[in-house]
Amino acid sequence: MNRTAPEQHRPGITATGLTVGYGATTVLDSLDLELPAGAFTAVVGPNGCGKSTLVRALARTLRPTAGRVALDGRPLDEWRPKHLARHLAFLPQDPVVPDGVTVHGLVARGRHPYHSPLRQWAPGDDEAVAAAMAATGVDARPDVPVDSLSGGQRQRAWIAMTLAQDTRYVLLDEPTSFLDLSHQIDVLHLCQEMRDRGRTVVAVLHDLNQAARYADHLVVMRDGAVHAQGAPEAVLGGEPGAALVRDVFDLPCEIAKDPQSGTPMVVPLARP
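Owing to the predicted nature of the structure, the values given are computational and were not obtained by experimental measurement.

The rules behind these values
Residues numbered from 1 in each chain as written. Predicted model: local features only at pLDDT ≥ 70, side-chain atom pairs only at ≥ 80, totals over all residues. Heavy atoms only, no water. Pairing = 2+ DSSP bridges. Helix = DSSP H or I, 4+ residues; strand = E, 2+ residues; numbered from the N terminus. Axes fitted to C-alpha atoms, helices over the stretch in contact; angles between N-to-C directions. Contact = heavy atoms within 4.5 Å. Core = buried A, V, L, I, M, F, W, Y, C linked by side-chain atoms within 4.5 Å. Buried < 20%, exposed > 50% of the residue type's maximum accessible area, 1.4 Å probe, protein only. Expected span 1.5 Å × (residues − 1). Phe/Tyr/Trp six-rings, centres within 6.5 Å; stacked < 30°, edge-to-face > 60°. Lys NZ or Arg CZ within 6 Å of the ring centre and 35° of its normal. 1 Å grid on protein atoms, 1.4 Å probe; cavity = no way out; pocket = protein on both sides within 12 Å on 5 of 7 lines; lining within 4 Å. Points joined across faces, edges and corners; volume = space filled by probe spheres on them. Nonpolar A, V, L, I, M, F, W, Y, C, P; charged D, E, K, R; others polar. Polar contact = N/O pair within 3.5 Å; in protein donor to acceptor, adjacent residues only side chain to side chain.

Draft legend 1. Representation of the pairing of strand β2 (residues 25-35) within the structure. Relative to β2, strand β1 (residues 13-22) runs antiparallel, the two being bridged by seven bridges. The partner of Ile13 across the bridge, within β2, is Leu35. Linking β1 to β2, which pair antiparallel, is a turn of two residues; within it Gly23 sits at a positive phi near 65°.

Here's what the structure looks like:
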């Protein structure tokens, strides 16, 4: 599979000594991480390992108790909210749909960072909304209320809103949830297309084989720490990759080569 090489001269998103938790419970403790700019990074790991907490901290929706996150080398605390929203878009795991909002109305909310009290709609907004809806396949029913859609259709509408925001950084927490297999692949192709257009994409994924096939960079988490990171071939290839899967996911397996992409493919062993 042809992959776009990450940009070498931009810092991308970095976390230094990042400590994050909920109340008295610490989830991430002194975590250091650098995500390559211009790449599609997949964050993987078992349930409860801190994947969503990490992405929320990178998006500044969860404040660290220690350490810092920086975007393009500039600490997130120094960014004004609207300015940050023009550079970084974040789709959480369970977004709440306002009552009565249509598909078009939801996607159009992605343009809010570019508006002001004196200008509620700007040149280029119509084109950005239409392109985002077409890319996610929700353009056929623009006037349908979002809360009347199936889970998969609703997820695609939210992703369209994120696309319409037109940022260089896109963070997605489990974007393939609620989607059937065909639409999961559509979303992963969409992540690659965003990367090919110069965006930095970070997504929490559960399927290791999808992550290895479609992402450029993997971050494997366990117990609130980064257990391994790098190109899929380096992280999951061969017997070291099988050992990592056994260690992190408690899953005996073999690593094969994906017949389509040539990337590592996890094959679970038959249980006795």
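Draft legend 2. Quick look at the sheet that holds strand β9 (residues 217-222). Read across the sheet, six strands follow the order β6-β7-β8-β3-β9-β10 without closing on themselves; strand pairing throughout is mixed. Both outer strands of the open sheet, β6 (88-91) and β10 (225-230), are each paired with one neighbouring strand and no more. In this sheet, neighbouring strand axes are inclined to one another by 15° on average, regardless of whether the strands run parallel or antiparallel. The sheet contact formed by strand β7 (residues 169-173) and strand β8 (residues 200-204) spans five bridges and is parallel. Bridging from a neighbouring strand, Asp173 pairs with Val204 of β8. Along the sheet, helix α5 (residues 151-164) makes contact with β6 and β7, crossing β6 at roughly 170°.

Draft legend 3. Region of interest: the nonpolar core. Among the nonpolar cores identified, the biggest contains 51 residues, and Phe40, Val107, Leu172, Leu205 and Leu244 are the most heavily contacted of them. At seven residues, α5 tops the list of elements feeding residues into this core. Apart from the residues lying within four places of it in its own chain, the contact partners of Leu205 are Phe40, Ala42, Val43, Val44, Lys51, Pro175, Thr176, Leu188 and Ala211. Of all hydrophobic cores here, the second largest spans 30 residues; its members include Leu28, Leu31, Leu71 and Met221.

Draft legend 4. Summary view of helix α6 (residues 181-196). Look at α6: 23 Å from first C-alpha to last across 16 residues, which is about the 22 Å you get at 1.5 Å a residue. Within the span of α6, buried status applies to Gln184, Val187, Leu188, Leu190, Cys191, Gln192, Met194 and Arg195. Those residues of α6 that are buried are in contact with β3 (40-44), α4 (125-136), α5, β7, β8 and α7 (208-214). Once α6 ends, the next one or two residues include Gly198, with phi positive near 95°.

Draft legend 5. Fine view of unusual backbone geometry. Its identity is not glycine, yet Glu174 carries a phi of approximately 55°, on the positive side. If you trace the backbone, Glu174 turns up in the loop between β7 and α6. Of note, the phi angle at Asp223 is positive, near 55°, even though the residue is not glycine. Turning to its location among the elements, Asp223 is positioned in the loop between β9 and β10.

Draft legend 6. Fine view of the packing of aromatic side chains. The full count for this structure, using the stated rule, is zero aromatic pairs. Taking NZ or CZ as reference, Arg74 lies 4.8 Å from the ring centre of Trp79, over its face.

Draft legend 7. Expanded view of the layout of surface pockets. Taken as a whole, the largest pocket holds about 360 Å³ of empty space. The wall of the largest pocket is formed by 18 residues, among which Ala85, Leu88, Ala89, Phe90 and Gln165 lie closest to the centre. Those elements that provide at least two residues to the lining of the largest pocket are α2 (81-85), β6 and α5. Within the lining of the largest pocket, the residues separate by chemical class into twelve nonpolar, four polar and two charged. Here the second largest pocket defines a volume of roughly 160 Å³. In terms of lining residues, the second largest pocket is bounded by Ala128, Ala131, Ala132, Ala135, Leu163, Ala164, Asp166, Arg197 and Arg199. Of all the elements in the fold, those that place two or more residues in the lining of the second largest pocket are α4 and α5.

Draft legend 8. Fine view of the side chain of Thr263. Looking at the element boundaries, Thr263 is found in the loop between β11 (253-257) and β12 (264-268). At 2.5 Å, the side chain of Thr263 forms a polar contact with the side chain of Ser261.

Draft legend 9. Looking closely at the sheet that holds β1. Ordered by their spatial adjacency, four strands build an open sheet running β2-β1-β4-β5, and the pairing between neighbours is antiparallel. Across the chains shown, the open sheet's two edge strands, defined by having one partner strand only, are β2 and β5 (74-75). Judged from the two bridges that link them, strand β4 (residues 66-71) and β5 form a sheet pairing that is antiparallel. In the strand pairing of β5, Leu71 is matched with Arg74. Against the sheet, helix α1 (residues 51-58) touches β1, β2 and β4, its axis set at about 120° to β1.

From the geometry alone we can't say anything about function, so treat these as descriptive.
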